[in-house]
Amino acid sequence: MLEQERVARAEAEAAARVKDEFLAVAAHELRTPVTTIKGYAQLLNRRITDAGDPRLRPTLEIIDQAANRLMRLIQDVLDVSATALGRFELRRERLDLGALVAEVAGRVPSLTERHRVTVSAIAGVIVEADRDRIEQVLMNLLMNAIRYSPHQGVVAVTVDACGPEATVSVQDQGLGIPAERQARIFELFYRAHDGADRDRQGMGVGLHLSRQVIERHGGRLTFVSAEGQGSTFWFSLPLAEPAPAPLS
Ligand code: ADP
């Protein structure tokens, strides 16, 4: 009986591994044609602008945006399979968290005119972390704050230090998350607003990956939310240097 169980488990693990390998290879291969589509859409956009004929521009911009979205989905699939296969490497470097947050937040307003993103950060919050991964987490939290605030509003980002930890919080005034759904939102593929309009479509991957990234750095990612009022997501990271004076 025990032997049968052991064999069945080994077979299931092997099948799961084949699936993860397939996802990793497929996602990797998908990047090349998407990059080509994006490149040519941009090239055509430039040509028609140079030729003084702007009629096709909106169409080409839609192709470009769709390609960007596809690229983000592919990156999510790559990350999910890399985590499952234990191939999730961190490249740590010294980072000034306030500067990084300001930089990432500065890239967000161009995505929407309806929301206002504010940043409040104390200087000198230094961590040893993987820049790309922390950027990815910040972008996920900011994009969620915007996507789940359909009636606009302020997205307030704060960088602070508390004891041995740096903290970053992203607060929105959006839809919030129904209390009975809150326990599951870090699960892979879980979506608390399923059936909502196309703007908010996602795969339910971002928060799952973000939590893994933060925990791999020795930190925590958590949230509070009230339906109809908004949500605050925040994460901590160990400080690389003693904390400066906290925000009052
Ligand atoms: P998705 O790509 O579907 O947004 P995430 O993993 O980023 O996936 O988030 C999981 C779910 O948590 C979302 O589908 C959404 O229902 C909910 N959620 C995440 N962030 C927010 C937020 N700021 N406000 C309201 N709901 C949120």
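Located above this text is the structure these notes cover.
Just so you know, these numbers come straight off a predicted model, no measurement behind them. (Residues numbered from 1 in each chain as written. Predicted model: local features only at pLDDT ≥ 70, side-chain atom pairs only at ≥ 80, totals over all residues. Heavy atoms only, no water.)

1. What about the packing of aromatic side chains?
If you walk through the whole model with that rule in mind, you get 2 aromatic pairs. Considering the side-chain rings of Phe-223 and Phe-233, the 5.1 Å spacing of their centres and the 20° angle between planes classify their relative orientation as stacked. Highlighted residues: Phe-223 in strand β6 (residues 220–226) and Phe-233 in strand β7 (residues 230–238), separated in sequence by 10 residues. Of the two residues examined, Phe-223 and Phe-233, each falls in the buried class. Counting every residue linked through ring pairs, the aromatic cluster contains Phe-186, Phe-223 and Phe-233. One residue, Arg-211, lies across the ring of Phe-186, its end atom 3.7 Å from the ring centre. (Phe/Tyr/Trp six-rings, centres within 6.5 Å; stacked < 30°, edge-to-face > 60°. Helix = DSSP H or I, 4+ residues; strand = E, 2+ residues; numbered from the N terminus. Buried < 20%, exposed > 50% of the residue type's maximum accessible area, 1.4 Å probe, protein only. Lys NZ or Arg CZ within 6 Å of the ring centre and 35° of its normal.)

2. Remarks on helix α5 (residues 206–216)
Within the span of α5, buried status applies to Gly-206, Leu-207, Leu-209, Ser-210, Val-213 and Ile-214. Buried residues in α5, looked at end-on, bunch into an arc of 160°, giving them a common side. Lining the buried residues of α5 we find α2 (57–84), α4 (131–147), β6 and β7. (Arc of directions from axis to C-beta. Contact = heavy atoms within 4.5 Å.)

3. Things to note about the environment of Glu-93
Checked against the element boundaries, Glu-93 lands in strand β1 (residues 92–96). Once the C-alpha coordinates of Glu-93 and Gly-218 are considered, the two residues, 125 residues apart in sequence, prove to be 15 Å apart. Not counting residues within four places of it along the chain, the set of residues in contact with Glu-93 comprises Val-127, Glu-128, Ala-129 and Arg-131.

4. A word on the sheet that holds strand β5 (residues 165–171)
Strand order in the open sheet made by the 5 strands is β2-β4-β5-β7-β6, with mixed pairing throughout. Both outer strands of the open sheet, β2 (115–121) and β6, are each paired with one neighbouring strand and no more. The sheet shows a mean angle of 15° between the axes of neighbouring strands, direction not considered. Bridge count for β6 against β7 is 7 bridges, and the pairing is antiparallel. Looking at the pairing, Ala-226 lines up with Gly-230 of β7. Each of β2, β4 (153–162), β5, β6 and β7 touches α4; the most contacted strand, β7, lies at about 170° to it. (Pairing = 2+ DSSP bridges. Axes fitted to C-alpha atoms, helices over the stretch in contact; angles between N-to-C directions.)

In short, the description is geometric, and any link to function would need to be established separately.
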